[in-house]
Amino acid sequence: MTSHPLAAAAAPCSRGGLRWGIVETIWIFLIFFLAAATPTPDAGESHYWVKARHSWNPAWCPGDLFLESRDAHLTFDWTFGWLTLIGSLDVATWIARLVAWGLLAWAWRRLSWAIVPVPLWSLVSAGVMLLLARHLHLSRELVLRGGVEAKTVAYVFVFLALEAVARGRWSAALLLAGGAGAFHVLVGGWLAVAVGCACFAWCLTSKERLDYRAISLAAVGGLLLALPGLVPALLLNQGADVETTREAARIYVFERLPHHLVFHRFEPWFIARFAALVAVWVALAIWTGRFCPRLVPVQLVVAGAVLLAVVGVLLDQGAVLNERMESRGYLEYQQRAATWLRYYWFRLADVLVPVGAALALVAGIQQLQTLRPQLANWLLVVAIVVAGGDLVLVRRERGEQRLPGAALQQQQRDARRWADWRAACRWIERNTPPAAKFLTPRQQQTFKWHAQRAEVATWKDIPQDARGIVAWERARSEVYPASLAHRRHDLGAFTDAELVALAHKYGATYLLLDQSIAGRPILLPKVYPLAGETNDSFTVFRVPARVGP
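Here is what the cut-offs are and how they apply
Residues numbered from 1 in each chain as written. Predicted model: local features only at pLDDT ≥ 70, side-chain atom pairs only at ≥ 80, totals over all residues. Heavy atoms only, no water. Helix = DSSP H or I, 4+ residues; strand = E, 2+ residues; numbered from the N terminus. Rg over C-alpha atoms; globule rule 2.2 N^0.38 Å. Contact = heavy atoms within 4.5 Å. Areas by Shrake-Rupley, 256 points an atom, 1.4 Å probe, with all protein chains shown as cover. Lys, Arg positive; Asp, Glu negative; His and termini not counted. Charge placed at Lys NZ, Arg CZ, Asp CG, Glu CD. Buried < 20%, exposed > 50% of the residue type's maximum accessible area, 1.4 Å probe, protein only. Pairing = 2+ DSSP bridges. Axes fitted to C-alpha atoms, helices over the stretch in contact; angles between N-to-C directions. 1 Å grid on protein atoms, 1.4 Å probe; cavity = no way out; pocket = protein on both sides within 12 Å on 5 of 7 lines; lining within 4 Å. Points joined across faces, edges and corners; volume = space filled by probe spheres on them. Nonpolar A, V, L, I, M, F, W, Y, C, P; charged D, E, K, R; others polar. pLDDT = per-residue confidence, 0-100. Polar contact = N/O pair within 3.5 Å; in protein donor to acceptor, adjacent residues only side chain to side chain. Core = buried A, V, L, I, M, F, W, Y, C linked by side-chain atoms within 4.5 Å. Phe/Tyr/Trp six-rings, centres within 6.5 Å; stacked < 30°, edge-to-face > 60°. Lys NZ or Arg CZ within 6 Å of the ring centre and 35° of its normal. Patch = residues over 30% accessible without salt bridge, like charges linked within 9 Å, V, L, I, M, F, W, Y side chains within 5 Å. Salt bridge = Lys/Arg side-chain N within 4 Å of Asp/Glu carboxyl O. Parallel < 35°, antiparallel > 145°, perpendicular 65-115°, else oblique. Left-handed = near helix turned anticlockwise from the far one by under 90°.

Colleague: So what's going on with the overall build of the protein? Which residues, and what values?
Modeller: Summing up its helical and strand segments, the protein has 25 helices and five strands in all. For the protein, the C-alpha radius of gyration of 25 Å lies close to 24 Å, the compact-globule estimate for 549 residues. Principal-axis analysis of the C-alpha atoms places the extent of the protein at approximately 85 × 55 × 40 Å. In the protein, 75% of the contacts between residues at least 6 apart in sequence involve partners at least 24 apart. With the model as given, the accessible surface of the protein reaches about 23500 Å², and the carbon-plus-sulfur share is 64%. Of the side chains in the protein, 55 bear a positive and 40 a negative charge, and the two mean positions are spaced by 5 Å.

Laid out in structure tokens, this is it:
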């Protein structure tokens with residue numbers, strides 16, 4: 001077999017030297033750190049890490065519906081969950097953050113250097129990629145969004161797979177897609193599909209002869225590597241009947257995650273700006289394809305991700321059109337459409353289009369250095385200033401709002417109320433039995449993180465298995481009804497008798513109530529705050545056997 005032309009073109013990458021590799025990786029890590037470092041937990045961490053801790057210590061927070069549902073991300077739990085045994089959730093998360101961001105920086109440097117093997121240009125491409133991903137995404141999926149979770153680690157394999165593609169190592173790319181699938185089955189699965197489509201397109205358009213036997217064996221090897229992520233996903237709905245599975249898919253797609261999964265519910269501005277990014281990416285890909293052969297197969301993988309997003313749009317719009325033409329009930333439409341829409345068709349494009357555009361931009365500027373150096377220098381300065389300025393704005397926002405992403409996601413933006421929340425959770429951790437279970441306020445997602453106790457339900461913590469999802473929706477709709485009174489006064493909209501009955505039904509022994517919006521005095525046995533204790537926002541009540549006179 002002849003040597004691969006792209007591998008030869010990328011050969012200068014290997015001569016970059018260990019020194020530049022270390023320096024650039026550290027700088028990219030700092031860029032990622034500045035872009036993503038927030039107080040713990042971030043939006044996704046409050047969900048992933050309590051589940052990881054429970055997987056290593058099932059006695060922690062017993063009776064919690066979410067924690068005791070089936071595990072969907074065993075590889076992540078096995079790899080990082082043990083950290084929760086040697087330190088607090090905050091310590092474990094920070095260790096994982098440093099490891100994950102370091103691996104992402106290392107993988108990005110390898111990818112960028114494979115395209116533009118010039119010292120320090122990988123810093124520019126990293127900054128541009130984060131800028132585009134932050135402001136021009138379609139379905140709210142970002143590489144560093146939400147803190148460290150399973151997909152964060154999977155993106156390390158995504159970057160390495162793209163580097164392998166740039167070097168003409170299609171077999172390695174498929175194996176790396178399997179590694180991504182071990183941590184997050186959908187990220188790895190869609191990456192494998194995109195790489196496979198790109199490989200097929202490359203075979204049709206390139207004169208190079210590929211070793212199809214090696215590629216086929218790599219595809220099988222990638223599937224085997226993905227089994228730790230694939231098998232738990234396949235077993236999630238084991239034992240659930242068809243109606244339960246369909247209803248669970250409907251709840252997951254249309255009730256909980258339409259902002260990720262349902263195209264016709266995306267904000268028009270998100271659609272318009274992403275379409276503009278795709279147009280720019282296409283123009284850059286065509287232009288750079290003339291002089292940067294290393295980038296062509298990478299852009300084919302990006303095109304595969306865009307094609308998956310187009311399929312998602314067609315499935316969404318086809319389901320909407322079918323529902324209108326057949327005059328079916330909206331509930332039946334949702335159940336039928338959710339079967340296909342639940343697979344995150346837009347996730348990979350949200351990540352890879354900014355990647356493809358950033359790499360093409362730096363490759364184009366680098367090419368202009370020899371043709372029109374003055375223009376190239378101006379474009380380079382603009383790219384650095386804009387990307388750096390966006391990073392400054394990010395840090396300024398974080399400095400003005402010194403709260404975790406999990407608090408901001410639930411609109412808990414008042415520093416004083418956040419302090420009251422933390423104080424109430426600390427009291428609960430120190431003064432209630434470890435097996436206690438709580439009814440908790442609607443607008444929060446960090447109770448288990450800070451109070452270390454089980455709760456009946458919370459919006460963020462949706463299970464992944466069909467039975468768990470249906471049970472979660474039933475509990476959530478009862479505890480947090482959609483009426484205006486309940487949205488305004490939260491648990492305070494119930495009578496005391498209703499609160500006790502609800503607690504007994506779900507095995508809750510305590511009630512944590514947002515007294516500032518309850519709208520009425522609660523006459524249940526109060527245990528916090530008592531004399532000498534101050535909390536202007538939150539009150540803890542013990543659930544009695546029955547409501548007294």
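Back to the text.
Colleague: Which residues make up the environment of Thr446, and what are the values?
Modeller: Here Thr446 lies in the loop between β1 (437–439) and α21 (447–451). Its relative accessible area of 0% is what places Thr446 among the buried residues. Along the chain, Thr446 and Ala407 lie 39 residues apart, while their C-alpha atoms are 7.6 Å from each other.

Colleague: Kindly report on the sheet that holds strand β4 (residues 526–528), identifying the contributing residues and their values.
Modeller: Within a beta sheet, neighbouring strands are joined by backbone hydrogen bonds and run either parallel or antiparallel to one another. Strand order in the open sheet formed by five strands is β2-β1-β3-β5-β4, and the pairing between neighbours is mixed. Each having just a single partner strand, β2 (454–455) and β4 make up the two edges of the open sheet. One ladder, built from two bridges, connects β1 with β2; its direction is parallel. Paired with Lys437 across the two strands is Ala454, which belongs to β2. Sheet contacts for helix α20 (residues 415–431): β1, β3 (510–514), β4 and β5 (538–542); angle to β5, the most-contacted strand, approximately 25 degrees.

Colleague: Any chance you could break down the pairing of β3 for me, citing the residues and the numbers?
Modeller: Counting buried positions over the five residues of β3 gives five, a clear majority of the element. Side chains Tyr510, Leu512 and Asp514 project from β3 onto one buried face, and the interleaved Leu511 and Leu513 project onto a second face that is buried too. Strand direction decides the pairing type here: β1 and β3, joined by two bridges, are parallel. Each bridged residue has a counterpart across the sheet, and for Leu439 the counterpart in β3 is Leu511. Sheet topology note: the β3/β5 ladder contains five bridges and is antiparallel. Opposite Leu512, over in β5, you have Val540 as the bridge partner.

Colleague: Kindly report on empty space enclosed by the protein, identifying the contributing residues and their values.
Modeller: Vacant regions in the atomic arrangement are exposed by a probe of water-molecule size rolled over the atoms. Across all of its chains, the model carries one cavity of 30 Å³ or more by this definition. As a volume, the largest cavity reaches approximately 60 Å³. Broken down by class, the residue content of the lining of the largest cavity amounts to six nonpolar, one polar and four charged.

Colleague: Before we move on, can you summarise the confidence of the model for the protein with the specific residues and values?
Modeller: In this model, the protein carries an average pLDDT of 91, and 94% of its residues clear a pLDDT of 70 or more. The model gives residues 1–16 a pLDDT under 50, and that stretch makes 28 contacts with residues more than four places away or in other chains.

Colleague: Any chance you could break down the side chain of Glu141 for me, citing the residues and the numbers?
Modeller: Counting through the fold element by element, Glu141 comes out in the loop between α7 (121–135) and α8 (150–166). Only 3.0 Å separates the side chain of Glu141 from the side chain of Arg347, close enough to count as a polar contact. Excluding residues that lie within four positions of it along the chain, Glu141 makes contacts with Lys151, Tyr155, His260, Tyr344, Arg347 and Asp350.

Colleague: If you had to explain the side chain of Asp496 to someone new, which residues and values would you point to?
Modeller: Mapping Asp496 onto the fold places it in helix α24 (residues 496–506). Since its relative accessible area comes to 10%, Asp496 is described here as buried.

Colleague: Break down the nonpolar core for me, citing the residues and quoting the values.
Modeller: Grouped burial of nonpolar side chains is what soluble globular proteins tend to show. Counting residues in hydrophobic clusters, the biggest one holds 135 residues, and the most contacted among them are Phe32, Trp49, Trp108 and Phe159. Sort the elements by how many residues they give to this core and helix α17 (residues 347–371) lands first, with 14 residues. Setting aside anything within four residues of it in sequence, one finds Phe159 in contact with Leu104, Ala107, Trp108, Leu111, Met129, Val143 and Val355. Ranked by size, the runner-up nonpolar core spans 21 residues in total, among them Leu491, Leu499, Ala503 and Val543.

Colleague: Can you explain the packing of aromatic side chains? Please cite residues and give values.
Modeller: In total, this model carries 21 aromatic pairs according to the counting rule given. Between Trp287 and Phe291, the ring centres sit 5.4 Å apart and the planes meet at 75 degrees, which makes this aromatic pair edge-to-face. Among the residues examined, Trp287 registers a relative accessible area of 31% and is labelled partly exposed. Take Phe291: its relative accessible area is 24%, and that puts it in the partly exposed class. Grouped by ring-pair contacts, the aromatic residues Trp421, Phe438, Phe447, Tyr510 and Phe538 constitute a single cluster. Lying across the ring of Phe66, Lys51 places its NZ or CZ 5.3 Å from the centre. Cation over ring: Arg97 sits above Trp94, and NZ or CZ is 4.5 Å from the ring centre.

Colleague: Explain a nonpolar patch on the surface to me, using residue names and the numbers behind them.
Modeller: A contiguous nonpolar patch, built from Leu18, Ile22, Val23, Ile26, Trp27, Leu30 and Leu120 and spanning about 650 Å² of accessible area, is present on the exposed surface. Judged by its relative accessible area of 47%, Trp27 is partly exposed.

Colleague: Break down the packing of helix α6 (residues 89–115) against α17 for me, citing the residues and quoting the values.
Modeller: At a minimum axis separation of 10 Å, α6 and α17 run at an interaxial angle of 45 degrees. Compared by their axis directions, α6 and α17 come out oblique. Helix-helix and strand crossings are classified by hand; for α6 and α17 the assignment is right-handed. Each of Trp108, Leu111, Ser112 and Ile115 in α6 lies in contact with α17, whose residues at this interface are Val355, Leu359 and Ala363.

Colleague: Can you tell me about unusual backbone geometry, naming the residues and giving the values?
Modeller: In this structure, Pro41 follows Thr40 across a cis peptide bond, with omega equal to 0 degrees. Between Tyr528 and Pro529 the backbone carries a cis peptide bond, its omega angle lying at -5 degrees. Relative to the assigned elements, Pro529 resides in the loop between β4 and β5. In the Ramachandran plot, Leu120 falls in the positive-phi region, its phi being about 75 degrees despite a non-glycine side chain. Overall, the relative accessible area of 38% leaves Leu120 in the partly exposed class. Of note, the phi angle at Tyr344 is positive, near 55 degrees, even though the residue is not glycine. Secondary-structure assignment places Tyr344 in the loop between α16 (330–341) and α17. Residue Tyr344 is classed as buried on the basis of its relative accessible area of 8%.

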